[in-house]
Amino acid sequence: GVRDVLFLYEENRCSMTYMYEYPEYLKIKLPKKTAKRYPAYELYLYGEGNYAEENKNLLLTGIPVLFLPGNAGSYKQVRSLGSVALRKAEDIDFKYHFNFFSVNFNEELVALYGGSLQRQTKFVHECIKVILKLYRDREFAPTSVAIVGHSMGGLVARALLTLKNFKPELINLLITQATPHVAPVMPLDKYLTDFYTAVNNHWILKAQDLRNLTTLSVAGGFRDYQVRSGLAFLPRLSQHDSALSVVSSAVPRAWASTDHLSIVWCKELILATIRAFFDLIDENTRQITDDPKKRMSVLNHHFVRHPAKIFEENPEAFTELTGAFMWITVKASKWTYSLYNDSDGKYFTFPLASHRKSYSHVYCEHSMLDTSSWIYGCVNSNSSMCLEATDLSWRAELLPTTKVVILKLQDYPSLSHVVIQVPPTVGNKYTLDCEFFKEDSRTVQLPVTHLFSFGLSSSKILLNSTGLLYNVQLQHFNQIYQAFKIYIESHCQSLKERKPSVYRLHIPWSHEDSIIVAEVPSFIEISAKLHIAQPENDSRIPELNIYSSSDCQYEVVLKTSLLQVLGQIIRFHAGSLPVYIVSNILLTYGGQLSTLISTGQCSDFSLELVRTAKPYKVEPLISIVVFLQGFNWFREIWQSLSLPEVDAAVLSSRDAWFPLVSLILFLFGTGIAYWSGVFFSTSLRLFSSLWLTLIRPTVPQKDKSITPRRLCGVLSLALVSWTTCGAFAVFIIYLQYLFKPVHVFVASVFYFQDSDHSKETSQNSSIHTVKNQSLMDSISEATQSLSSSTTIAEAVNSLKMHVTILNLFTWIVLLNLPSLIYWLKNLRYNVRLDPDPCRSTAIIIVCILEILMNSSTSEVKSSKLLKIAAKVPLPLSVAMLAFGRMHLYKVPHFVIFSLLLHVLCCIV
């Protein structure tokens, strides 16, 4: 599954964007108060060559667009948009042009640390004010700014509307690229999840206020394994009809999946974005139009369905077909016309009256991909020609190798003819095809195979093609955990040259289509899987559209792909894996405490993991709670106890929950926990061997858990946590604890060797002593031997317990690592991390580890609290899986509570 997500995706079909002149970034001077409040952030204006020189005095006359980079993103990522927009402006002699600004967020890790998101949002607000001031007193001064946000930059842009003093009219257009709108990819701190909750709640509750803001979200598709496309879809609201979400693989003229970074430079997507920007300009104001309907029309034109026409806001309803063209009537139901170097123009007319009874649809395709009109519907005609017609070219759809029109005859009762215009051509070769057909004859139903068929069974259909279009309905394909391989093999009767076939996987409830072009004859494999599950109130069926060659046979075989099913599990739930791993380790830790009670010995980590970490101990209880939460009475009781909602129930409501997924992830977590235990044990032996060869250790001495020296150490680290960064204090105490097992192991080995050497010396000397040795000396020697073996056994037990605790805390350190990295990166601006997600927990962790690293199992065995401490990890593991999957920052709290009891066992 991991391999499927990280490596088995389509090849990169994006072209690179290039600058024709050296890019320059002009730093915009900010007000002193703003610069002082946000010392790490900056605002830049993009330029190239002469354009950059002209703008150095900041006498700007263009349309402002602000680019916001995402997690660890650079302000220089604006160059693709800026450069392509500049070339487009040059093509129209700068009649209109755009000024691209970019914010430098100091490449902060905002996807992993949410403490700076609010700060970034407020800074962007200040930047918008500064940008609009630059245009003050200009003839066509803008009153709003368009924003393009990559990744978390898109979320920051949406968060602007949550600010109390922000005026919504300051933004009229927002385009986000691979932005996780629904939820964070890794919910590692409370600030991140709270920020998401605040933004999404505002957009739901204040949807009426957002009507004048047009929002487009573009997702990267399956190549983007960092932000899955399902997270990039904006909330669907009936009140907010000016939001659009698409996957890049469905964008006309791009038709390519992008990874998380290439979405900012993918030439095909950048061109679509810039064309949309120029079509959005109002000729009167020379700024982006204030009409929300026009903005949505433009975005639909460029990002959803492109009719192979240049955008027109109000195309003429009727047109006259002029020109000295020859009029030819075609009465056949199927027609093909190939053209090369024809100097005479023609009109081909298809009378509809004779076809309406026999056929339901007409389909036409044209291989010339220009933007001129080519198909019309005649509304007024005489015996020889059409006098007045409506332009049906706006009903066309652009595909990679052709443009097509499908008309339902019933929807056009006023049309008497369909007219195809063939203008004179020189040097161009193209083909036109038309056919009338019944919808039922071209629609084939293909039930998908069951999830648990594991690819052993298949569904198969054979299309003996006599037409140009087939729709294969994929029945029961509606869940995200379904994944299939579709094999299409084409055979043709003759070996003549043919146009390529186009296969489109069409998902009707979301814009996530994928298109593949294949030569004919050929054998091709298509992956079929979903980014978003079918909504409850939607009964539409996904389709495989085959734009075929008329004399070819197509065999379609569908099989479940186990590899891709596992890939979907990883894609949707990999972020919750740390919870399952820590849960397994916590169960093992509880098992070790239990064996300490029953046998007096601490069992080995790997053996105890196999014995104790069983999914049936935790999963059934969570499933029962999720089931009961479907009843109102249980929900009321749950809410009265002020308990948060179970994460599995939330995921289920979002259609992001799989059958048996928790079991699979638990077993995956068991495997990772097992091998992490093996890694720790092996590393311990290696380091210990190295230490033993270099340093002669001292014999371990029993000491008190709390000493003045250790107390000073705790207070020092607590001070570090409070004044700098909590994760830094945790990391220091963790490094200190790392040496504890090594020290215990080495000392035990040395003590064992030393005692063996003593025995050997004692035995050799006893040969030369008097044989009638006293009974008291024998008892003394036996006691010494027993004491030696007991000390070694205790050291081994303590070592096993330390390894398990170290394993637990390794994951806590990893979960807190992003805030530490963020703090180190911003150390030159501020010594104290504010806000700090783990400041208070770090102080508790420091106290716990300082006591535990100097404890032994002999102290714990005699404690009255041991039985309670051994039973607590099981309910904590259940609680962790119930409430930690979507809130990873809660995981350390469960571990800390369990180890607090261990500390009390050492003291009481």
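Everything numeric in this text was worked out from a predicted model, so none of it was measured.

(A) Quick look at the state of the cysteines. This structure, assessed with the given rule, holds four disulfides. Residue Cys-364 pairs covalently with Cys-434 via a disulfide, S to S 2.1 Å. Because the sign of the S-S torsion sets the handedness, a value of about 115° for the bond joining Cys-364 and Cys-434 places this disulfide among the right-handed ones. Of this pair, Cys-364 sits in strand β12 (residues 361-366) while Cys-434 sits in strand β18 (residues 429-437), placing them 70 residues apart in sequence.

(B) Molecular detail of the layout of surface pockets. Roughly 1100 Å³ of internal volume is contained in the second largest pocket. The wall of the second largest pocket is formed by 44 residues, among which Arg-305, Arg-395, Glu-397, Ile-406 and Arg-504 lie closest to the centre. Elements supplying a minimum of two residues to the lining of the second largest pocket: β14 (386-391), β15 (397-398), β16 (403-408), α10 (439-442), β21 (469-475), β23 (501-506) and β26 (543-547). The element that contributes the greatest number of residues to the lining of the second largest pocket is β16, accounting for five residues. The residue inventory of the lining of the second largest pocket, partitioned by class, reads 21 nonpolar, ten polar and 13 charged.

(C) View of the nonpolar core. Grouped together as the largest cluster of nonpolar side chains are 119 residues, with contacts concentrated most on Leu-474, Ile-486, Ile-488, Tyr-503, Leu-544, Ile-546 and Ile-805. Leave out the neighbours within four places in its chain, and Tyr-503 touches Ile-488, Ser-490, Ser-514, Ile-515, Ile-516, Ala-518, Ile-524, Ile-526, Leu-544, Asn-545, Ile-546 and Tyr-554. Ala-40, Leu-68, Val-156 and Ala-157 belong to the second largest nonpolar core, which has 53 residues in total.

(D) The arrangement of empty space enclosed by the protein in detail. Under the defined criterion, the tally for this structure stands at six cavities of 30 Å³ or more. The calculated volume of the largest cavity comes to roughly 70 Å³. Tyr-46, Tyr-51, Gly-82, Ala-85, Leu-86, Ala-89, His-97, Phe-98 and Phe-100 together form the lining of the largest cavity. Mapped onto the lining of the largest cavity, the elements with two or more residues apiece are α4 (79-91) and β4 (98-104). Per element, the largest residue contribution to the lining of the largest cavity is four residues, and it comes from α4. In terms of residue class, the lining of the largest cavity is built from seven nonpolar, two polar and no charged.

(E) Highlighting the pairing of strand β22 (residues 483-492). Within β22, seven of the ten residues are buried, which leaves it mostly tucked inside the rest of the structure. Pairing analysis gives eight bridges linking β22 to strand β25 (residues 522-529), with the strands arranged antiparallel. Note that in β25 the partner of Lys-485 across the bridge is Ser-527. Strand direction decides the pairing type here: β22 and strand β27 (residues 552-560), joined by nine bridges, are antiparallel. Looking across to β27, one finds that Ser-490 is bridged to Tyr-554.

(F) Region of interest: the packing of helix α8 (residues 267-279) against helix α9 (residues 292-303). The geometry of α8 relative to α9 is characterised by a closest axis approach of 9 Å and an angle of 150° between their N-to-C directions. The pairing of α8 with α9 is recorded here as roughly antiparallel in orientation. Crossing of α8 against α9: the hand is right-handed. Residue-level inspection shows Ala-272, Thr-273, Arg-275, Ala-276 and Asp-279 of α8 in contact with α9, the latter providing Lys-294, Val-298, Leu-299, His-302 and Phe-303. Within the contact of α8 with α9, the residues separate by chemical class into five nonpolar, two polar and three charged.

(G) How the structure looks around the sheet that holds β21. Spatially, five strands are ordered β19-β21-β26-β23-β24 in an open sheet, and the strand pairing comes out mixed. In the strand order of this sheet, the two ends are held by β19 (443-447) and β24 (514-518), each with one partner. The average undirected angle you get between the axes of adjacent strands in this sheet is 20°. Examined bridge by bridge, β23 and β26 share five bridges and lie antiparallel to one another. Residue pairing for β26: Val-502 is matched across the bridge by Tyr-547.

(H) Geometry of the environment of Ala-89. Looking at the secondary structure, you find Ala-89 in helix α4. Considered as a pair, Ala-89 and Tyr-734 are 645 residues apart in the sequence and their alpha carbons are 57 Å apart. Excluding anything up to four places from it in sequence, Ala-89 contacts Phe-94, Tyr-96, His-97 and Phe-278.

(I) Layout of the pattern of salt bridges. A full pass over the atoms with the stated rule returns 21 salt bridges. For the salt bridge of Lys-529 with Asp-4, the shortest nitrogen-to-oxygen distance reads 3.8 Å. Of this pair, Lys-529 sits in strand β25 while Asp-4 sits in helix α1 (residues 2-6); the two residues are 525 residues apart in sequence, bridging distant segments of the chain. Each member of the pair, Lys-529 as well as Asp-4, is classed as buried. Through salt bridges with shared partners, a single network forms among Glu-21, Glu-48, Arg-87 and Glu-90.

(J) Looking closely at the packing of helix α14 (residues 619-628) against helix α24 (residues 873-883). Where α14 meets α24, the closest approach of the two axes is 9 Å, and the angle between their N-to-C directions is 45°. When the interaxial angle is binned, α14 and α24 end up oblique. Note that α14 runs across α24; the crossing there is right-handed. For the pair formed by α14 and α24, the contact residues are Glu-619, Leu-621 and Ile-622 on the first element and Val-878, Leu-881 and Ala-882 on the second. Its residues assigned to classes, the contact of α14 with α24 shows five nonpolar, no polar and one charged.

Criteria and cut-off values
- Residues numbered from 1 in each chain as written.
- Predicted model: local features only at pLDDT ≥ 70, side-chain atom pairs only at ≥ 80, totals over all residues.
- Heavy atoms only, no water.
- Disulfide = S-S within 2.5 Å.
- Helix = DSSP H or I, 4+ residues; strand = E, 2+ residues; numbered from the N terminus.
- 1 Å grid on protein atoms, 1.4 Å probe; cavity = no way out; pocket = protein on both sides within 12 Å on 5 of 7 lines; lining within 4 Å.
- Points joined across faces, edges and corners; volume = space filled by probe spheres on them.
- Nonpolar A, V, L, I, M, F, W, Y, C, P; charged D, E, K, R; others polar.
- Core = buried A, V, L, I, M, F, W, Y, C linked by side-chain atoms within 4.5 Å.
- Buried < 20%, exposed > 50% of the residue type's maximum accessible area, 1.4 Å probe, protein only.
- Contact = heavy atoms within 4.5 Å.
- Pairing = 2+ DSSP bridges.
- Axes fitted to C-alpha atoms, helices over the stretch in contact; angles between N-to-C directions.
- Parallel < 35°, antiparallel > 145°, perpendicular 65-115°, else oblique.
- Left-handed = near helix turned anticlockwise from the far one by under 90°.
- Salt bridge = Lys/Arg side-chain N within 4 Å of Asp/Glu carboxyl O.

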